[in-house]
Amino acid sequence: MSPCPPPPPPPQRSLTKNRRMSSKNGAERSAYFARREAARVLRRVLQGDGARRATASIKSLVYSPSVRNKRATFALVCQTLKYLPILKDVLAATSILNRKWKKQEELVYVTAYDILFGQQTAVMGDVENFLILHKDSLQTALARNSARHKVKKIEDMLQKNDVRVTKPRYIRVNTLKLDAESVIRELEKSNFVVSRDDTIPDVLVLPSGIDLHDHPLVLNGSVFLQGKASSMVAVALSPKPGWKVLDACAAPGNKTVHLAALMRGKGKIIACEFNAERVRILENTIRRSGAPNVAIVNGDFLDINTSDPVFKEVRAILLDPSCSGSGISAERLDYLLPSYKKGDDVDASNSERIKKLAAFQRKALLHALSFPAVERVVYSTCSVHQTENEDVIKSVLPLATSLNFELATPFPRWPHRGLPVFEGAEHLLRTDPAEDTEGFFIALFVKKCNSAKNKVSRRTVPGKSMPSLSKKFMRGTRCKPYPFCKMSAMWLYKNLAKQRTRKSSHRRRMTRKG
């Protein structure tokens, strides 16, 4: 009996159709998950905006490691926020956002945007099923809304809050891994037009609108997407290799790893961050950078005892405390938030929130200046408000002067200086958000060297004497550089407690002998 002949191959048209169906299903699946990721980001953004408290920016939330489909999620979040007033009106008119769906309010907003204004939404989830079932009602409500506002196009109803300024794309080369020339060559292979910044040698400039979030150089930590003004902060501090440095409010960590690069990986950087969730972001930043000399403290900078041996040898402090973020509101896409109104920044400087922020900033700066061995302190904000900038500096000047500090001039050739509200404000630095940078403020305190002891101390900083200081630090505190372990405040003080116990026991023995 002869074997059955093999079945004929399927027609080429069927294969092509199957491929199309498979590709379509993949795209629908990707859109399904992007809507849910966008809803999670949208919830955090709206909660922070509703409470009028500082939160992570839209970009930082979208480009966190937990979000997989970053590009689609970012587009959905931005567009949903842009159309949010219209979406709320339409959903209210149809009365379909009942108690059951109120728990998934943000996902309803994102999906409703996709159905009414975005791509054709496939039926893949409960929310999609529900909204497509009521699609006719939504479209009718939208048409009535347009007629009530007497507009022919939906875009005419959108708030004209877009204050975006076209800026170059700045990136900072991580010199712990690559030099600037190597990065330029790699980017030019992809036909990018790259130039070096004229102020900071390791900052490169690319045309506006270029997205490098998924570029291999960014993913492997050779390059950081960091603005020019933000990159000026660590350079203003200029810690020397071998110093012990404290980054007081470290997360997300771009300035921390910039300090590590400036120090060529030598010495010790203690990165302090109070928020446990932001500590994880800080850890990821340090891991990508390859910085070998950073240890993390999950604790409050204001709780640090400046007389503890771990901290009393700190010679430079970078203080970039929580602020209003008014200098990067366009970069943060704050104009998309429901609370944003043009002209708000004029009155914001006298708001209760700004006054509370300034009180905290002043307290943190006074604490930074009180460290016994500190020689250089940089105070920086991404705010344009005098209340958070010049007023804070003016309020601490009496104490700073009594501790032998003076204001120095970072980047002397920089044209924008502090507002002339007190004598010496010309030493302060401002960047202009209307030009090619964010709106930053930088103040540099330097301890005057007017004694022989201080002069000897300064001569011993560079060169071969500092590694012994670093070893002494490591030996005395049992701190391991990241990433071999995580470092908490409790772990930091553990060995100090042992040392105090041994000293107390020694004193008791000496007392008995006496």
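Since the model is a prediction, treat every value here as computed from it, not as a measurement.

### Some thoughts on the overall build of the protein chain
Okay, so step 1: Counting its secondary structure elements, the protein chain contains 18 helices and 12 strands.
Okay, so step 2: By residue count, 48% of the 514 residues in the protein chain fall in the buried class.
Okay, so step 3: Nonlocal contacts in the protein chain, meaning residues at least 24 apart in sequence, comprise 73% of its contacts between residues at least 6 apart.
Okay, so step 4: Total accessible area computed for the protein chain in this model is approximately 27,000 Å², and 53% of it derives from carbon and sulfur atoms.

### Quick word on the packing of aromatic side chains
Okay, so step 1: This structure, assessed with the given rule, holds six aromatic pairs.
Okay, so step 2: Each ring, one from Tyr-113 and one from Phe-117, has its centre 6.0 Å from the other, and the planes form 35°; the classification is tilted.
Okay, so step 3: What makes Phe-117 partly exposed here is its relative accessible area of 22%.
Okay, so step 4: Aromatic pair Tyr-379 and Phe-441: ring centres 6.3 Å apart, planes at 75°, arrangement edge-to-face. Within this pair, whereas Tyr-379 is found in strand β9 (residues 376–381), its partner Phe-441 is found in strand β12 (residues 441–447), the two being separated by 62 residues in sequence.
Okay, so step 5: The ring of Tyr-32 carries the charged tip of Arg-36 above its face, separated from the ring centre by 3.7 Å.

### Quick notes on the environment of Ala-261
Okay, so step 1: Within the secondary structure layout, Ala-261 lies in helix α11 (residues 254–262).
Okay, so step 2: Between the C-alpha atom of Ala-261 and that of Asn-293, which follows or precedes it by 32 residues, the distance is 9.9 Å.
Okay, so step 3: Those residues in contact with Ala-261 that lie beyond four places of it in its chain are Asn-174, Thr-175 and Leu-176.

### Focus: the pairing of strand β5 (residues 244–247)
Okay, so step 1: With burial as the criterion, each face of β5 is covered, one bearing Lys-244 and Leu-246 and the other bearing Val-245 and Asp-247.
Okay, so step 2: The sheet contact formed by β5 and strand β6 (residues 268–273) spans four bridges and is parallel. Following the sheet pairing, Val-245 is matched in β6 by Ile-269.
Okay, so step 3: Traced from β5 through α11 to β6, the parallel crossover comes out right-handed.
Okay, so step 4: With three bridges connecting them, β5 and strand β8 (residues 316–319) associate as parallel partners. Across the sheet, the residue bridging to Val-245 is Ala-316, located in β8.

### Side note on the confidence of the model for the protein chain
Okay, so step 1: For the protein chain, per-residue confidence averages 80 on the pLDDT scale, and residues scoring 70 or more make up 74% of the total.
Okay, so step 2: Here residues 15–21 scores under 50 on pLDDT; set against residues more than four positions off or in separate chains, the count is two contacts.
Okay, so step 3: Counted against residues more than four places away or in other chains, residues 450–493, with its pLDDT under 50, gives 78 contacts.

### Regarding the packing of helix α14 (residues 352–369) against helix α15 (residues 390–402)
Okay, so step 1: Put simply, α14 and α15 touch, their axes get as near as 10 Å, and they point 30° apart. Relative to α15, α14 is oriented roughly parallel. Pair α14 / α15 crosses with right-handed handedness. Contacts between α14 and α15 involve Ala-358, Gln-361, Arg-362, Leu-365, Leu-366 and Leu-369 from the former and Val-392, Ile-393, Ser-395, Val-396, Leu-399 and Ala-400 from the latter.
Okay, so step 2: Counted by class, the contact of α14 with α15 contains nine nonpolar, two polar and one charged residues.

### A few points about the side chain of Glu-273
Okay, so step 1: Among the structural elements, Glu-273 can be located in strand β6.
Okay, so step 2: Residue class for Glu-273 comes out buried when judged on its relative accessible area of 8%.
Okay, so step 3: Polar contacts involving the side chain of Glu-273 include one to the main-chain amide nitrogen of Asn-275, which spans 3.1 Å.

### As for the nonpolar core
Okay, so step 1: In terms of nonpolar packing, the biggest core is built from 42 residues, with Leu-81, Ile-86 and Leu-131 touching the most fellow members.
Okay, so step 2: Among the elements of the structure, α1 (12–50), α2 (58–62), α3 (70–94), α5 (105–116), α6 (126–133) and α7 (135–148) are those that each provide at least two residues to this core.
Okay, so step 3: The element contributing the most residues to this core is α3, with 11 residues.
Okay, so step 4: Residues Phe-224, Met-263, Leu-282 and Ala-291 belong to the second largest nonpolar core, which totals 41 residues.

### Digging into the sheet that holds strand β3 (residues 203–206)
Two orientations exist for strands paired in a sheet by backbone hydrogen bonds: parallel and antiparallel.
Okay, so step 1: If you walk across this open sheet you meet the four strands as β2-β3-β1-β4, and the pairing is antiparallel. Bordering the open sheet on either side are β2 (195–196) and β4 (223–224), each of which pairs with just one other strand.
Okay, so step 2: When β2 meets β3, the two strands line up antiparallel, connected through two bridges. Directly across from Arg-196, in β3, lies its bridge partner Leu-204.
Okay, so step 3: Of the strands in this sheet, β1 (169–173), β2, β3 and β4 touch helix α8 (residues 180–189), which is tilted by about 20° from β3.

### Re the pattern of salt bridges
Okay, so step 1: Per the stated rule, a full pass over the model turns up 16 salt bridges.
Okay, so step 2: Two residues, Glu-106 and Arg-43, come together in a salt bridge whose shortest N-O distance is 3.0 Å. Placement of the pair is Glu-106 in helix α5 and Arg-43 in helix α1, with a sequence separation of 63 residues.
Okay, so step 3: With a shortest N-O distance of 3.1 Å, Asp-320 and Lys-255 are connected by a salt bridge. Residue Asp-320 is found in the loop between β8 and α13 (344–348), and its partner Lys-255 is found in helix α11; the two are separated by 65 residues along the sequence.

### Focus on the state of the cysteines
Okay, so step 1: Taken as a whole, this structure holds zero disulfides when the rule is applied.
Okay, so step 2: Cys-249 provides the cysteine sulfur closest to Cys-272, a residue in no disulfide bond, and the two sulfurs are 7.1 Å apart.

### Here's the deal with the packing of α3 against α5
Okay, so step 1: Between α3 and α5, whose axes approach to 8 Å, the crossing angle comes to 90°. By the criterion of interaxial angle, the relationship of α3 to α5 is roughly perpendicular. Along its contact with α3, which presents Leu-76, Gln-79, Thr-80, Tyr-83, Leu-84, Leu-87, Lys-88, Val-90 and Leu-91, the element α5 presents Val-108, Tyr-109, Val-110, Ala-112, Tyr-113, Asp-114 and Leu-116.
Okay, so step 2: Across the contact of α3 with α5, the residue classes break down as 12 nonpolar, two polar and two charged.

### Observations concerning the pairing of β8
Okay, so step 1: Residues Ala-316 and Leu-318 line one face of β8 and the alternating positions Ile-317 and Leu-319 line the opposite face, and both faces are buried.
Okay, so step 2: Here β8 runs beside β9; their pairing, made up of four bridges, is parallel. Counted as the bridge partner of Leu-319 is Tyr-379 from β9.

Rules behind the numbers
- Residues numbered from 1 in each chain as written.
- Predicted model: local features only at pLDDT ≥ 70, side-chain atom pairs only at ≥ 80, totals over all residues.
- Heavy atoms only, no water.
- Helix = DSSP H or I, 4+ residues; strand = E, 2+ residues; numbered from the N terminus.
- Buried < 20%, exposed > 50% of the residue type's maximum accessible area, 1.4 Å probe, protein only.
- Contact = heavy atoms within 4.5 Å.
- Areas by Shrake-Rupley, 256 points an atom, 1.4 Å probe, with all protein chains shown as cover.
- Phe/Tyr/Trp six-rings, centres within 6.5 Å; stacked < 30°, edge-to-face > 60°.
- Lys NZ or Arg CZ within 6 Å of the ring centre and 35° of its normal.
- Pairing = 2+ DSSP bridges.
- Right-handed = clockwise from strand over helix to strand, strands pointing away.
- pLDDT = per-residue confidence, 0-100.
- Axes fitted to C-alpha atoms, helices over the stretch in contact; angles between N-to-C directions.
- Parallel < 35°, antiparallel > 145°, perpendicular 65-115°, else oblique.
- Left-handed = near helix turned anticlockwise from the far one by under 90°.
- Nonpolar A, V, L, I, M, F, W, Y, C, P; charged D, E, K, R; others polar.
- Polar contact = N/O pair within 3.5 Å; in protein donor to acceptor, adjacent residues only side chain to side chain.
- Core = buried A, V, L, I, M, F, W, Y, C linked by side-chain atoms within 4.5 Å.
- Salt bridge = Lys/Arg side-chain N within 4 Å of Asp/Glu carboxyl O.
- Disulfide = S-S within 2.5 Å.

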